[in-house]
Amino acid sequence: AYLMGRRISKEVIAACIDRRVLYESRKHHNCVFVGRNTEGKVRFACERGTSGDWKKDLDGSDKRFSFSIPARIAGNTTLNVYEAPVDLLSAAALRPKLWSMQHHLSLGGVSARALDQYLSDYPHIRCVNLCLDNDRAGRRATARLTKHLREKGCIVTNTPPASGKDYNAYLQNVRQEQKQTDRPHKEAAISM
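Every value quoted in this text rests on a predicted model; they were computed, and no experiment measured them.

Criteria and cut-off values
- Residues numbered from 1 in each chain as written.
- Predicted model: local features only at pLDDT ≥ 70, side-chain atom pairs only at ≥ 80, totals over all residues.
- Heavy atoms only, no water.
- Helix = DSSP H or I, 4+ residues; strand = E, 2+ residues; numbered from the N terminus.
- Buried < 20%, exposed > 50% of the residue type's maximum accessible area, 1.4 Å probe, protein only.
- Contact = heavy atoms within 4.5 Å.
- Core = buried A, V, L, I, M, F, W, Y, C linked by side-chain atoms within 4.5 Å.
- Pairing = 2+ DSSP bridges.
- Axes fitted to C-alpha atoms, helices over the stretch in contact; angles between N-to-C directions.
- Phe/Tyr/Trp six-rings, centres within 6.5 Å; stacked < 30°, edge-to-face > 60°.

Trainee: Outline the environment of glycine 138, supporting the account with residue identities and numerical values.
Mentor: Within the element layout of this structure, glycine 138 appears in helix 5 (residues 136-151). With a relative accessible area of 0%, glycine 138 lands in the buried category. Sequence separation between glycine 138 and proline 160 is 22 residues, and the spatial gap between their C-alpha atoms is 8.8 Å. Beyond its immediate sequence surroundings of up to four residues, glycine 138 is in contact with Glu83, Leu132 and Asp133.

Trainee: Would you mind going over the environment of isoleucine 13 in detail, with residue names and values included?
Mentor: If you trace the backbone, isoleucine 13 turns up in helix 2 (residues 10-18). Between the C-alpha atoms of isoleucine 13 and alanine 114, which are 101 residues apart in sequence, the distance is 22 Å. With sequence-adjacent residues up to four places away left out, isoleucine 13 is seen in contact with Leu3, Met4, Ile8 and Leu22.

Trainee: Which residues make up the nonpolar core, and what values do they have?
Mentor: If you look at the biggest cluster of nonpolar residues, it comprises 27 residues, and the most contacted ones within it are Leu3, Ile8, Phe33, Phe67 and Leu89. If one sorts the elements of this core by residue count, helix 3 (residues 85-94) sits on top with 6 residues. Counting residues in hydrophobic clusters, the runner-up holds 19 residues, among them Leu115, Tyr118, Leu130 and Val156.

Trainee: Describe the sheet that holds strand 3 (residues 42-48), naming the residues involved and giving the relevant values.
Mentor: Judged by pairing direction, the sheet is antiparallel, and its 4 strands sit side by side in the order 1-2-3-4 without closing on themselves. The open sheet has two edge strands with one neighbour each: strand 1 (22-24) and strand 4 (55-57). Averaged over all neighbouring strand pairs, the angle between strand axes comes to 25°, with direction disregarded. Pairing between strand 3 and strand 4: 3 bridges, direction antiparallel.

Trainee: Could you give an account of unusual backbone geometry, with specific residues and numbers?
Mentor: The bulk of non-glycine residues show a negative phi, and the bulk of peptide bonds are trans. Within the chain, arginine 7 stands out as a residue other than glycine whose phi angle is a positive 75°. One non-glycine residue with positive phi stands out, namely histidine 29, at about 60°. In this fold, histidine 29 is placed in the loop between strand 1 and strand 2 (31-36). Among the residues examined, histidine 29 registers a relative accessible area of 47% and is labelled partly exposed.

Trainee: Go over the sheet that holds strand 9 (residues 155-158), please, and point to the residues and values.
Mentor: Pairing is mixed in the open sheet, where 5 strands are placed in the order 5-7-6-8-9. Every other strand in the sheet has two partners, leaving strand 5 (68-69) and strand 9 as the edge strands with one partner each. With 4 bridges connecting them, strand 6 (residues 78-82) and strand 7 (residues 103-106) associate as parallel partners. Across the sheet, valine 81 pairs through a bridge with leucine 105, a residue of strand 7.

Trainee: Just give me the short version of the pairing of strand 2, but keep the residues and values in it.
Mentor: For strand 2, the tally of buried residues reaches 5 of 6 residues, placing the bulk of the element in the interior. Of the pairings in the sheet, the one linking strand 1 to strand 2 comprises 3 bridges and is antiparallel in character. Bridging across to strand 2, glutamate 24 finds its partner in cysteine 31. As judged from the 6 bridges shared by strand 2 and strand 3, these two strands associate in the antiparallel manner. Counted as the bridge partner of valine 34 is alanine 45 from strand 3. Connecting the antiparallel pair strand 2 and strand 3 is a turn made up of 5 residues, with glycine 40 showing a positive phi of about 90°.

Trainee: Which residues make up the packing of aromatic side chains, and what values go with them?
Mentor: Tallied over the full model, the rule gives 4 aromatic pairs. Note on phenylalanine 33 and phenylalanine 67: the rings are 5.2 Å apart at their centroids and 70° apart in plane angle, and the pair reads as edge-to-face. With phenylalanine 33 in strand 2 and phenylalanine 67 in the loop between strand 4 and strand 5, this residue pair connects regions lying 34 residues apart in the sequence. Assigned by exposure class, phenylalanine 33 and phenylalanine 67 land together as buried. Grouping aromatic residues by their ring pairs yields a cluster made of Tyr82, Tyr167 and Tyr170.

Here is the structure:
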């Protein structure tokens with residue numbers, strides 16, 4: 001319910017549950033985002049409070065294996081990188097037919113640690129879309145990571161959200177605009 005309240009689609013949520021990278025904590029009913037290595041072993045988990053702004057990496061988590069969703073298509077060479085799991089899911093909700101075809105990674109901040117591990121695990125990736133936040137930290141990290149990735153031979157694209165601070169704010173803006181656009185059509189149909 002928390003993620004749907006953030007306008008993330010049921011389909012994206014269900015896909016993450018099916019892949020066993022998202023679940024609800026029993027005690028506090030928080031969202032738990034899971035990071036697995038290439039063998040499928042859980043190596044990372046972070047908990048996101050469903051009320052307030054509480055976040056925590058769970059004890060024993062290895063930040064190199066942050067929350068990610070590998071592409072369903074073998075050999076896909078594109079990776080989309082976000083600061084937070086909710087932003088990753090928001091971008092997926094914006095592209096319902098395309099999101100599972102590419103790789104997606106949440107950095108859990110702006111460090112390159114998880115990015116370097118992911119590129120090591122998937123060495124065929126050549127194109128990286130940096131989808132970091134529209135704030136000072138996100139813009140600085142984009143510049144730093146762009147340089148870092150180009151030194152590794154990657155093609156880098158800066159793809160911040162078109163509006164709002166992050167991809168979740170952008171998703172909410174898009175859904176609000178869709179709601180306002182749909183309203184006149186419904187009202188016209190009722191008045192006929």
